[in-house]
Amino acid sequence: MDRKDIDNLLDKIEQFRAEKLQDVEELRVKLLGKKGEITRLFEEFRSVAPEMKREFGKVLNELKTKAAEKIESLRESFEDILDTDTKTDFTKPGDAFELGTRHPISLVREEILDIFGRFGFAVAEGPEIEDDWHVFSALNFPPEHPARDMQDTFFINPAGDDPILLRTHTSSVQVRTMERQKPPIRVVCPGRVFRNEAISARAHCIFHQVEGLYIDEGVSFADLKQAILLFVQEMFGPQTQIRMRPSYFPFTEPSTEVDISCNICGGKGCNICKGTGWLEIMGAGMVDPNVLEASGIDSTKYTGFAFGMGIERIAMLKWMVNDLRHYFENDARFLKEFRSVL
Ligand code: DAH
């Protein structure tokens, strides 16, 4: 008996690779079968000199254990494959790939931009973190105006001449557009706005607005009225009427608040419109000459109109959602309701 033969055999066992279960069985026969190599070594062992028996006995036993272990582990690896093969039903239909849904605020935002896009309005955006100038001063807010108060505005840095704050409306983008561009200007400005309000069904500290601005020579209140009427009829249906109530905003003169005929009761009066037949949807007006001048536009040559609406408000009226908080909680049961809306 030669020690080298044993070592060679050990190497062979270690390096053996099986491609199929049959290879494993062949290995077993070759090593441990009646005429197998290990069986033969054990037979030879009987005639080993007594003083060598101890050494050879030990290595032979190790060899046999190794071989048995190798065969067992190879067998197991094939059993795993066999197992899954029999359990997998390849004829079964695949799992459906579940599509997400678009958020209702995105849907309404896109619809508003699309309608005004067809009227020739481009989209303009601006920063959410703003300075006092773009949110208030350039829009003709007097220094003591209550909207500048900490109670309404989230300040990042309230100190200094031009405090840094979270914009409270998207009218700031009007200013940025007028600073950048010469008339004619026709833009809609969608975006997130922030106000220091307690969260309830009717108020939130974060919401979304779309601002509109049209500046050119000879733009009149009649243009404003027609643009809004066309918009609401596209958005809420051709039967929709508008009503304009006089109002006040620092950046427009004259200013108006616009109502639409209640699309739920058709103007007869219901609990959504609180019996009035009308629902408020936006603020609007003719751009104040001071606002044009603050951004370097000649107010003797140009006039313009502006409007601003809350996207959540439009979405609530469109789908009769009675709690604003639904839009921010990302409850999948709510969001899936909009699956069929494109
Ligand atoms: N910025 C106003 C707000 O946040 C909305 C608004 C009113 C915008 C009248 C306008 C406007 O452009 O003309 O409440």
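To be clear, the structure that these remarks concern was listed above.
Residues numbered from 1 in each chain as written. Predicted model: local features only at pLDDT ≥ 70, side-chain atom pairs only at ≥ 80, totals over all residues. Heavy atoms only, no water.

Strand order in the open sheet made by the 7 strands is 1-5-6-10-9-8-7, with mixed pairing throughout. The outermost strands of the open sheet, each flanked by one partner alone, are strand 1 (122–123) and strand 7 (242–249). The pairing of strand 6 (residues 206–216) with strand 10 (residues 303–310) spans 8 bridges and is classified as antiparallel. In the strand pairing of strand 10, V210 is matched with M309. Strand contacts of helix 5 (residues 104–118): strand 1, strand 5 (185–194), strand 6 and strand 10, with the helix running at about 165° to strand 5, the strand carrying the most contacts. Packed on one face of the sheet, helix 8 (residues 221–236) meets strand 7, strand 8 (252–261), strand 9 (278–287) and strand 10 and runs near 125° to strand 7. (Pairing = 2+ DSSP bridges. Helix = DSSP H or I, 4+ residues; strand = E, 2+ residues; numbered from the N terminus. Contact = heavy atoms within 4.5 Å. Axes fitted to C-alpha atoms, helices over the stretch in contact; angles between N-to-C directions.)

We now examine the sheet that holds strand 2 (residues 129–131). Strand order in this open sheet of 3 strands is 2-4-3, and the pairing throughout is antiparallel. Each edge of the sheet is formed by a strand with only one pairing partner; in this case those strands are strand 2 and strand 3 (155–157). On average, each strand axis in the sheet is tilted by 35° relative to the strand beside it, whichever way the strands run. Strand direction decides the pairing type here: strand 2 and strand 4 (residues 164–166), joined by 3 bridges, are antiparallel. Across the sheet, D131 pairs through a bridge with I164, a residue of strand 4.

Right, let's talk about helix 8 for a bit. End to end, helix 8 covers 22 Å across 16 residues, agreeing with the expected 22 Å (1.5 Å per residue, within 8%). All of the buried residues in helix 8 are L224, A227, I228, F231, V232, M235 and F236. For helix 8, the arc enclosing every buried residue in end-on projection is 130°, short of the 170-degree limit, so these residues lie on one face. On its buried face, helix 8 is in contact with helix 5, strand 7, strand 8, strand 9, strand 10 and helix 10 (311–319). Positive phi shows up at G237, right after helix 8, with a value of about 115°. (Expected span 1.5 Å × (residues − 1). Buried < 20%, exposed > 50% of the residue type's maximum accessible area, 1.4 Å probe, protein only. Arc of directions from axis to C-beta.)

Time to look at the packing of helix 5 against helix 8. At a minimum axis distance of 10 Å, the contact between helix 5 and helix 8 shows a crossing angle of 135°. By the angle between their directions, the pair helix 5 and helix 8 is classed as oblique. As helix 5 runs across helix 8, the sense of the crossing is right-handed. Together, V108, E111, I112, I115, F116 and R118 of helix 5 and F231, E234 and M235 of helix 8 make up the contact between the two elements. (Parallel < 35°, antiparallel > 145°, perpendicular 65-115°, else oblique. Left-handed = near helix turned anticlockwise from the far one by under 90°.)

Turning our eyes to something else, we now look at the pattern of salt bridges. Tallied over the entire structure, the rule returns 21 salt bridges. Among the salt bridges present, the one from R3 reaches E55, with a minimum N-O distance of 3.3 Å. With a gap of 52 residues between them, R3 in helix 1 (residues 3–15) and E55 in helix 4 (residues 50–87) connect regions that are remote in the sequence. Taking the relative accessible area as the measure of exposure, E55 reaches 41% and is therefore partly exposed. K20 is the partner of D23 in a salt bridge, and the nearest nitrogen-oxygen pair spans 3.2 Å. (Salt bridge = Lys/Arg side-chain N within 4 Å of Asp/Glu carboxyl O.)

Here we take up the state of the cysteines. Tallied over the full model, the rule gives 0 disulfides. Not engaged in a disulfide, the cysteine C262 finds its nearest cysteine sulfur in C265; these two sulfurs lie 3.6 Å apart. (Disulfide = S-S within 2.5 Å.)

What follows concerns the site of the ligand. Taken together, 15 residues sit near the ligand, with H169, S171, R195, Q209 and E211 positioned nearest. Between the ligand and F307 there is a distance of 3.3 Å, counted from an oxygen atom to a backbone nitrogen or oxygen. Look at the ligand: alone it shows 350 Å² of surface, and the protein chains cover 89% of it. Every element with two or more residues in the shell around the ligand is listed here: helix 7 (171–180), strand 6, strand 9 and strand 10. (Near = heavy atom within 4 Å. Polar contact = N/O pair within 3.5 Å; in protein donor to acceptor, adjacent residues only side chain to side chain. Areas by Shrake-Rupley, 256 points an atom, 1.4 Å probe, with all protein chains shown as cover.)

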